[in-house]
Amino acid sequence: MSALKESIDSSINAILESYEKYGGINLDESNNFPNRQNVIEVLKDIEYLIFPGFRTAETLDAGTLRFIVGQRVNRIVEMLTREIKKALAYVVQDKNVEFSHCFALAEQTSLALINEIPELRRKLGLDVQAAYEGDPAAKSTEEVIVSYPGLSAICVYRIAHFLAVNGVPVLPRIMTEYAHGHTGIDINPGAQIGEKFFIDHGTGVVIGETTVIGNNVKIYQGVTLGALSVKKELMDKKRHPTIEDNVTIYANATILGGKTVIGEGSIIGGNTWITQSVPPHSVLTQGKRQDPTE
């Protein structure tokens, strides 16, 4: 055996020993953790069904549309059911729950997501329209669909949020963190976001888990909707702000706290720091509130 082969074998043995010593290995067993790449592939298939013909290189025409949609739907149901089952089984493995129930729940949730796609398309159509109407640089809604990172992050969020509210662990966070990595926009799947939501530019936006956002809200790059405290014992409490309808929040504003409410129709200026509620129809710049009737 050559010195190189011995060195490689020694390295392999050391790596295998580290698996035993430190854990962190996801073996293909009944209670293994969901696979990140599989979840991302499912996500891409769902995005295809929402915006067919925009995000892949496939040739799409009226004659092949039903076949391609059917192919994607079947692939989503099969793979998503498998990954949801893994997530559920992992969560309940230390509890008195039958593993057989996990498959039935996973399949039921996968089918529910497929049934939700027309509604997701309706909501995202409104988000597309909000971006087109809210950005003078947008030349068409099609341009928004293929190129706006804000829309990409919102699309992934709406898919992940549906899974989260239907009790699916782990997968929603994998999806939104994938979008975070590609867009620079971090939306926790637990946040509640209304219709006609527009994120312009988007880089550095953070929207926390218990944030509530109303309809027709527009935010710019660097906005943080965060918590005043990150103590672990607050995990089941509302930690993030509420943004009511028709609010605009400009770049790098920071709004913190679960009791903080930004009233309907308000405008929050750039670089502001807010930890207290703001009445409806306020204009706030650099910490100073202006009554728009003055």
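Residues numbered from 1 in each chain as written. Predicted model: local features only at pLDDT ≥ 70, side-chain atom pairs only at ≥ 80, totals over all residues. Heavy atoms only, no water.

**Describing unusual backbone geometry**
Leave glycine aside and you will find that most residues have negative phi; peptide bonds, for their part, are mostly trans. For Val 170, which is not glycine, the phi torsion reads 70 degrees and is therefore positive. Within the secondary structure layout, Val 170 lies in the loop between helix 6 (149–165) and helix 7 (171–183). Taking relative accessible area as the criterion, Val 170 reaches 24% and is therefore assigned partly exposed. The phi angle at Asn 252 is positive, at roughly 65 degrees, despite the residue not being glycine. Positionally, Asn 252 belongs in the loop between strand 9 (248–249) and strand 10 (254–256). Given a relative accessible area of 40%, Asn 252 falls into the partly exposed group. (Helix = DSSP H or I, 4+ residues; strand = E, 2+ residues; numbered from the N terminus. Buried < 20%, exposed > 50% of the residue type's maximum accessible area, 1.4 Å probe, protein only.)

**Some points on the environment of Ile 46**
Inspection of the secondary structure assignment puts Ile 46 in helix 2 (residues 36–50). We classify Ile 46 as buried; its relative accessible area is 0%. Separated by 194 residues in sequence, Ile 46 and His 240 have C-alpha atoms that sit 29 Å apart. Setting aside its immediate chain neighbours within four residues, Ile 46 contacts Ile 76, Leu 113 and Ile 159. (Contact = heavy atoms within 4.5 Å.)

**Let's talk about the pattern of salt bridges**
All chains considered together, the criterion is met by 10 salt bridges. A salt bridge links Arg 75 to Asp 45; its shortest N-O distance comes to 2.8 Å. Of this pair, Arg 75 sits in helix 3 (residues 62–92) while Asp 45 sits in helix 2, and the two are 30 residues apart along the sequence. Residue class for Asp 45 comes out buried when judged on its relative accessible area of 7%. Between Glu 177 and Arg 173 there is a salt bridge, with the nearest N and O atoms lying 3.2 Å from each other. (Salt bridge = Lys/Arg side-chain N within 4 Å of Asp/Glu carboxyl O.)

**Remarks on a nonpolar patch on the surface**
Taken together, the side chains of Leu 4, Ile 8, Ile 12, Ile 15, Leu 16, Tyr 19, Ile 25 and Leu 27 make up a nonpolar region of the molecular surface, amounting to roughly 730 Å² of accessible area. When you line up the elements, Ile 15 lands in helix 1 (residues 3–22). (Patch = residues over 30% accessible without salt bridge, like charges linked within 9 Å, V, L, I, M, F, W, Y side chains within 5 Å. Areas by Shrake-Rupley, 256 points an atom, 1.4 Å probe, with all protein chains shown as cover.)

**Brief notes about the side chain of Thr 242**
With respect to the helices and strands, Thr 242 occurs in strand 8 (residues 242–243). Within polar-contact distance, the side chain of Thr 242 engages the side chain of Lys 238 at 3.2 Å. Those residues within four positions of Thr 242 in sequence are excluded, and the remaining contacts are Val 212, Thr 260, Val 261 and Ile 262. (Polar contact = N/O pair within 3.5 Å; in protein donor to acceptor, adjacent residues only side chain to side chain.)

**Side note on the sheet that holds strand 10**
What the 5 strands build is an open sheet, ordered 1-4-7-10-13; its pairing is parallel. Only two strands of the sheet have a single neighbouring strand rather than two, namely strand 1 (186–187) and strand 13 (273–274). Relative to strand 10, strand 7 (residues 224–226) runs parallel, the two being bridged by 3 bridges. Paired with Leu 225 across the bridge in strand 10 is Ile 255. (Pairing = 2+ DSSP bridges.)

**What to know about the layout of surface pockets**
Of the pockets and cavities examined, the largest pocket occupies roughly 540 Å³. Along its surface, the largest pocket is lined by 23 residues, and Arg 173, Asn 188, Glu 209, Met 235 and Arg 239 are the ones closest to its centre. Among the secondary structure elements, those contributing two or more residues to the lining of the largest pocket are helix 7 and strand 4 (206–207). Considered class by class, the residues forming the lining of the largest pocket number 11 nonpolar, 5 polar and 7 charged. (1 Å grid on protein atoms, 1.4 Å probe; cavity = no way out; pocket = protein on both sides within 12 Å on 5 of 7 lines; lining within 4 Å. Points joined across faces, edges and corners; volume = space filled by probe spheres on them. Nonpolar A, V, L, I, M, F, W, Y, C, P; charged D, E, K, R; others polar.)

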